[in-house]
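Listed below, chain by chain, are the residues.
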Amino acid sequence: MLAVAAQGVMNTKDLPTHVVLVDFANTMGDLAISLKELQKDLEIHFQAEPIQFQQHDIEAEMTVVEQLVMAHKAQSQLSSLLSCPFLLTKLQNFRGNLSRGLECILPDTCSELVKLQISRTQQQLKDGPPKLGLKEQAVIDLLGQITETSTPLKCKELVESVADYLDVVPGDSTFADLLENTKKDISKVDVCDSGTFSTYLENCIKVLEKGLNFQQEPAEGNNGALLNLLSPPSSHRTMREVVAPSSPLSSFICPITKQIMNDPVQIASGQTYERAAIEQWFKDGKTTCPLGKKLKNTKMMSNFALKQSIAEWRERNYNIRLDNAEFRLRSFQPMEQMRGARDIKLLCEEDGINKYGIASRKMIPLLIQLIETTDSPTNLRELCFDALTALALDHQENQETLVFEGLIDLLVRSLRNYNEAEPAINLLKVLSGNPKAAEMISRTPNAVLLLVTFLGHKNENLVISTKGILVNLPTTDENVVIMAEANLMKPLVVRLVEGERESKILMARTLARLEHMPDSSRSLASSRDAIKTLINMANSEDEEEVDAAILALKNLSTAPTAGVVIADCIGLEVLIRLLSSKKISVVTKVGASHIIANVLVAIGNQWVRSEDMVADLDNFVETFFLLISSVSTPLAAQSHLLQGLLGLVEGKHTGQVVKDIMIRRNALSGLLSHFRKKELEARRDSLKLFASLSRKHGAEAWSAVRIHSGTLQLLVGVLKTEDISEPEKLAAARIISHFPAEDHSLTRTLQTLNIVPVFVNFLSSPNQSMQEASLVALVRFTFPEFPDLQKQLAEMGVIPVLVTLLDSRRPRVKISAAHALANFSKSTPRLVKPIASKKWWQCFTPPQESCKLHAGVCTIETTYCLIVAEAIHPLLSIVREDDGKITEVALEALYTLLDNEHWERGCHTINEANGISIILQNMPKCTARAQEISINMCEKFFRIPAYQASFGPPSQMHIITIAQQASPSTRDVAGRILRQLDLLQTQSHYWISSTSK
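As the structure is a prediction and not an experimental result, all values here were calculated from the model.

All right, on to helix 7 (residues 152-166) then. With 15 residues, helix 7 should reach 21 Å at 1.5 Å per residue; the first-to-last C-alpha distance of 21 Å fits that figure. Those residues of helix 7 lying buried are Lys154, Cys155, Glu157, Leu158, Val159, Ser161, Val162, Ala163, Tyr165 and Leu166. Positioned one or two residues after helix 7, Asp167 has a phi angle of 60°, which is positive.

This brings us to helix 17 (residues 396-404). Regarding helix 17, the residues found buried are Asn398, Gln399, Leu402 and Val403. Projected down its long axis, helix 17 shows its buried positions confined to an angular sector of 145°, all on one face. Set apart from the buried face of helix 17 by more than 90 degrees, the exposed residues are Glu397 and Phe404. Turning to helix 17, the residues buried within the fold contact helix 14 (354-360), helix 15 (363-372), helix 16 (378-392), helix 18 (407-414), helix 19 (421-431) and helix 20 (435-443). Backbone geometry just after helix 17 places Gly406 at a positive phi near 80°.

The next thing to look at is the packing of helix 23 (residues 477-485) against helix 24 (residues 490-498). In contact at an axis separation of 8 Å, helix 23 and helix 24 are set at 135° when each is read in the N-to-C sense. Comparing the axis directions of helix 23 and helix 24 gives the class oblique. Between helix 23 and helix 24 the crossing geometry is left-handed. Residues Asp477, Val480, Met483 and Ala484 of helix 23 form the contact with helix 24, whose own contacting residues are Pro491, Leu492 and Arg495. Each residue belonging to the contact of helix 23 with helix 24 can be placed in one class, and the counts come to 5 nonpolar, no polar and 2 charged.

Positive phi, normally seen in glycine, also occurs at Asn754, with a value near 55°. The exposure class of Asn754 is partly exposed, given its relative accessible area of 43%. Of note, the phi angle at Asn914 is positive, near 60°, even though the residue is not glycine. One can find Asn914 in the loop between helix 49 (903-912) and helix 50 (915-922). According to the relative accessible area criterion, Asn914 is partly exposed, its value standing at 43%.

On to a negative patch on the surface, then. A cluster of acidic residues, Glu573, Glu611, Asp612 and Asp616, forms a negative patch on the protein surface. Among the secondary structure elements, Asp616 is positioned in helix 32 (residues 613-629). Here Asp616 falls in the partly exposed class, since its relative accessible area comes to 34%.

Looking now at the UniProt feature "repeat: ARM" (unreviewed entry) in the protein chain. The positions that UniProt labels "repeat: ARM" (unreviewed entry) are, in the present scheme, residues 362-406 and 797-825. Helix makes up 79% of residues 797-825 and strand 0%, and the two end C-alpha atoms of the span are 15 Å apart.

Another point: the packing of helix 36 (residues 680-694) against helix 39 (residues 726-738). At their nearest, the axes of helix 36 and helix 39 sit 8 Å apart, and the two run at 30° to each other. Compared by their axis directions, helix 36 and helix 39 come out roughly parallel. Our pair here, helix 36 against helix 39, has a crossing hand that is left-handed. Each of Leu680, Arg683, Arg684, Leu687, Lys688, Phe690, Ala691 and Ser694 in helix 36 lies in contact with helix 39, whose residues at this interface are Pro727, Glu728, Ala731, Arg734, Ile735 and His738. In the contact of helix 36 with helix 39, the residues fall into 7 nonpolar, 2 polar and 5 charged.

In this section: the sheet that holds strand 2 (residues 272-274). Hydrogen bonds along the backbone pair up the strands of a sheet, which may run parallel or antiparallel. Strand order in the open sheet formed by 3 strands is 2-1-3, with antiparallel pairing between adjacent strands. Looking along the sheet, the strands with just one partner apiece sit at the ends: strand 2 and strand 3 (301-302). Pairing between strand 1 (residues 264-266) and strand 3: 2 bridges, direction antiparallel. In the sheet register, Val265 faces strand 3, and the bridge partner there is Ser302. Sheet strands touched by helix 11 (residues 275-283): strand 1, strand 2 and strand 3. Its angle to strand 2, the strand with the most contacts, is close to 95°.

Overall, the coordinates contain 6 aromatic pairs when judged by the stated rule. Measuring from ring centre to ring centre gives 5.3 Å for Trp702 and Phe739, while their planes differ by 50°; the resulting arrangement is tilted. A residue pair is termed long-range when its members are at least 10 positions apart, and Trp702 in helix 37 (residues 698-707) and Phe739 in the loop between helix 39 and helix 40 (744-752) qualify at 37 residues. Here Trp702 matches Phe739 in class, with each residue buried.

This part takes up the side chain of Thr633. Along the chain, Thr633 turns up in the loop between helix 32 and helix 33 (635-650). Apart from residues lying up to four places away in sequence, Thr633 is in contact with Leu627, Gln638 and Leu641.

This next bit is on the nonpolar core. Ranked by size, the top nonpolar core spans 175 residues in total, and within it Leu511, Leu534, Phe739, Phe759, Met937 and Phe941 carry the most contacts. Per-element accounting of this core gives the leading share, 8 residues, to helix 32. Beyond its immediate sequence surroundings of up to four residues, Leu511 is in contact with Met489, Leu492, Leu496, Met517, Ala525, Leu534, Ala552, Asn555 and Leu556. Judged by nonpolar contacts, the second largest core, of 60 residues, contains Ala438, Leu450, Leu451 and Leu462.

With that settled, the discussion passes to the environment of Thr970. Relative to the helices and strands, Thr970 resides in helix 53 (residues 968-980). With residues up to four places along the chain from it excluded, the contact list for Thr970 reads Glu932 and Ile935.

Bringing the environment of Gly211 into the picture now. Within the secondary structure, Gly211 is located in helix 9 (residues 196-213). Here the alpha-carbon distance between Gly211 and Glu160, two residues 51 residues apart in the chain, equals 8.6 Å. Non-local contacts of Gly211, meaning those with residues more than four positions away in its chain, are made with Pro152, Cys155, Lys156 and Val159.

In total, this model carries 3 cavities of 30 Å³ or more according to the counting rule given. Considering only enclosed or pocket space, the second largest cavity measures out at about 40 Å³ in volume. Examining the composition of the lining of the second largest cavity, we find that 3 residues originate from one element, helix 16, more than from any other.

All right, on to the layout of surface pockets then. For the second largest pocket, the calculated volume is near 580 Å³. Where the lining of the second largest pocket is concerned, the elements lending two or more residues are helix 37, helix 39, helix 42 (768-778), helix 45 (811-831) and helix 48 (885-895). Residue classes in the lining of the second largest pocket are distributed as 11 nonpolar, 5 polar and 8 charged. When we break the lining of the second largest pocket down by domain, the ones giving at least three residues each are domain 5 (666-755) and domain 6 (849-981).

A cluster of basic side chains, namely Lys688, Arg695, Lys696 and Arg734, defines a positive patch on the protein surface. Its place among the elements puts Lys696 in the loop between helix 36 and helix 37. Taking relative accessible area as the criterion, Lys696 reaches 63% and is therefore assigned exposed.

On to the pattern of salt bridges, then. Scanning the entire structure with this criterion turns up 32 salt bridges. The partner of Glu485 in a salt bridge is Arg513, with the nearest N and O atoms 3.0 Å apart. Remark: Arg513 occurs in helix 25 (residues 501-513) and Glu485 occurs in helix 23; sequence separation between them is 28 residues. The partly exposed category is assigned to Arg513, whose relative accessible area is 47%. A single network of salt bridges, built from pairs that share partners, joins Arg501, Glu502, Arg509, Asp542, Glu544 and Glu545.

About the cut-offs
Residues numbered from 1 in each chain as written. Predicted model: local features only at pLDDT ≥ 70, side-chain atom pairs only at ≥ 80, totals over all residues. Heavy atoms only, no water. Helix = DSSP H or I, 4+ residues; strand = E, 2+ residues; numbered from the N terminus. Expected span 1.5 Å × (residues − 1). Buried < 20%, exposed > 50% of the residue type's maximum accessible area, 1.4 Å probe, protein only. Arc of directions from axis to C-beta. Contact = heavy atoms within 4.5 Å. Axes fitted to C-alpha atoms, helices over the stretch in contact; angles between N-to-C directions. Parallel < 35°, antiparallel > 145°, perpendicular 65-115°, else oblique. Left-handed = near helix turned anticlockwise from the far one by under 90°. Nonpolar A, V, L, I, M, F, W, Y, C, P; charged D, E, K, R; others polar. Patch = residues over 30% accessible without salt bridge, like charges linked within 9 Å, V, L, I, M, F, W, Y side chains within 5 Å. Areas by Shrake-Rupley, 256 points an atom, 1.4 Å probe, with all protein chains shown as cover. Salt bridge = Lys/Arg side-chain N within 4 Å of Asp/Glu carboxyl O. Lys, Arg positive; Asp, Glu negative; His and termini not counted. Charge placed at Lys NZ, Arg CZ, Asp CG, Glu CD. UniProt positions renumbered as here; feature names shortened; annotations may be inferred. Pairing = 2+ DSSP bridges. Phe/Tyr/Trp six-rings, centres within 6.5 Å; stacked < 30°, edge-to-face > 60°. Core = buried A, V, L, I, M, F, W, Y, C linked by side-chain atoms within 4.5 Å. 1 Å grid on protein atoms, 1.4 Å probe; cavity = no way out; pocket = protein on both sides within 12 Å on 5 of 7 lines; lining within 4 Å. Points joined across faces, edges and corners; volume = space filled by probe spheres on them. Domains from an automatic or database assignment.

Below is the structure:
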């Protein structure tokens, strides 16, 4: 029904509405046929009912559109023309809905033929309405742009365009009658789209009446100038239509490329081809004509006559197209003007010779004037920019013309409209390649400032074009600074390296100010040339240059790569000279020391090993300690130098070498004097450096502290004082944790200083580093030789905390926790008390629970029992998951359960936790010390016949293999195990080889 309605609604066949509805009717007819075929196919596959339901939804959609189509029945010519944009929009939406509906109702089970037919129908729906003629499309485009709020001049243009299309005069009675008939048509439209269609027609009538009533002469100024430009020259004033270019003759087309030929050549068959195409044909090894004829040879001969004919045809067509483009540009209709600008761009791209013809016809000023007109549509402005870009590309004369016509100011103003700036930037990119134009751009106020705002645009191509413009511009100091602030560093680096004194200073200060530049910009600014220049400035006698260079290097040196470059460029020597000088200000010295710290941290991780490495590092250490000890070095500078030395000590390439140098130079004693400095940073950094040095040199550190009276008390005081910074406390805790744990007198000294509660409190610190340092320090207080300290720690609830810390991700925490638990467990047997027999008066009291291992009363606080503390499973988890130092300590803690008179019950306890299997499975892959402990534990396990039978056979090869590489004492234990397993004779060849080592 919808197809029939659309087919018969229009009687006037020369209106665009008729074309649109006829095409729509044909599409609906095809749709009906496709749906019928689909229905038949689905009935065969028994799927008719669900499709019918979905088909009803589509038919409901069709009903709405049928009402809209019927609303156009018996309309007047003007009503039909005005309603065409509305009808196109509605039908296009309906086409889309139908296309999506077809996707939903098409099942997988239907035949391929039906699928193909449905697919074709979908494509018809997606293709949209048919293309209209140029004249019809121009009127419809104009109708779509003009609204009730448009200017009277625009409304008048619409009236003239509509009247011209209907072949009537705007002011006569015929046009007035058409308006009246349209108003009558509106009263009939009351069923379509909830009144929006009638509202649309009413607005169109208002616009036409507004245009008819407009009689004002064009105002002076820009619009008057535009009208003068748009008025066609005398030779064109009578022109009513554009002239279509002539089609190429078939002989102009290459049979291979199907394109018009540029260099036609004739081959032996007499056929003509494009030279490049036929050359490739022959190069591919083919010796026949592409049309199938056999060839005597593959020689080619230029067809000059045809080439001349093609050239003349092209020239005629180019002239026709230039006339058409000019006519359209001078039109008052934006759609025509857009087509004219688009045609100019295409002509320039097709043949550069057309650029001269366009310029000679004075179309460049016309394009510029269209851009300047305030009420020009955005699309028109963009197309004019694109046309000017094509005209200027690789054409210096046109570039200079654009500059002369004042286009630069217009382009810079266009940059303020962020959404319309892309075509303006593309044109600026072309013009910036011309030195005169680039100079003009750089001198235009705010040009560079506006351009740099686009460096962060999401459009990557736009960013690239903007960078290209900025690089092409003359580098004035002001522009270079603006670019650098937008992270475009290359011009700044060039000006820094090649500029005069004032420019160098300004560039250096700019670098110093840009503290938050991204890493990519910092890396570019840290080029070798830039660093060399800054170091030379820092080494000069000019105080202003020195200050600017130091500030710039301070900022750049935060990047590790820059620090390495500074060191390679002999920057450290220059900075050391500044620190040693008495003429340099305190601020400059502090800045220089800051740079040194950054450089030392960088080279600590990236030092290239060489024969002179130790000597160079030794020299640095000596020099920096002298500077740190010098009274002329500011305290803040001393702090930075200490940070630099810490960077060398902790550097992955320099750490061990520098540690050995500093220990040899007695640096530990030298640092102690800085502990008492009032300057916070110097005291903090000296503590951190001392802590780092003492980690593997605890004995030397304790010797230095013991010699300097009061230093140990100072370290304890740092830990106890609340207003001390956390980094200082952490450094102090680490220093104490590094002291030798075997020194029992030191342990008693620390006890008298009441440091134990302090470390216990730090075990609950959110700072994991502080927690680790405190735990390591507490291990010395858990030795069995200090029963009073063990008791104090147990009563403070340390043992459950140690069990919890066995699950830590930090290896040193696990090791220390297991070590402390082993120490506690060694004291358990002597602390367990047997359960006393009950007296007669105690017969009603509940019995005391006996420890299954120690056969007595066990608690965490009194006997430190690992079973009561639930430490067995966490310790075994460590053994199962790790194979290094942590496993050794965990096994030592577990071995304490066997290394006493209750060893048999200890074996049962470990087995109940599946511990024997875990230990045996881990034994081949663990360290030598862990294997030794495991062998000793197995000797206990296999004394028990049940375990000997269960675990002996699977473990025998592991035990023999380990014994071959173990120490003599371990081999003796392994021998006892093998005797227990009755394997010593059968495996004697293994045993002989192992004992012979």
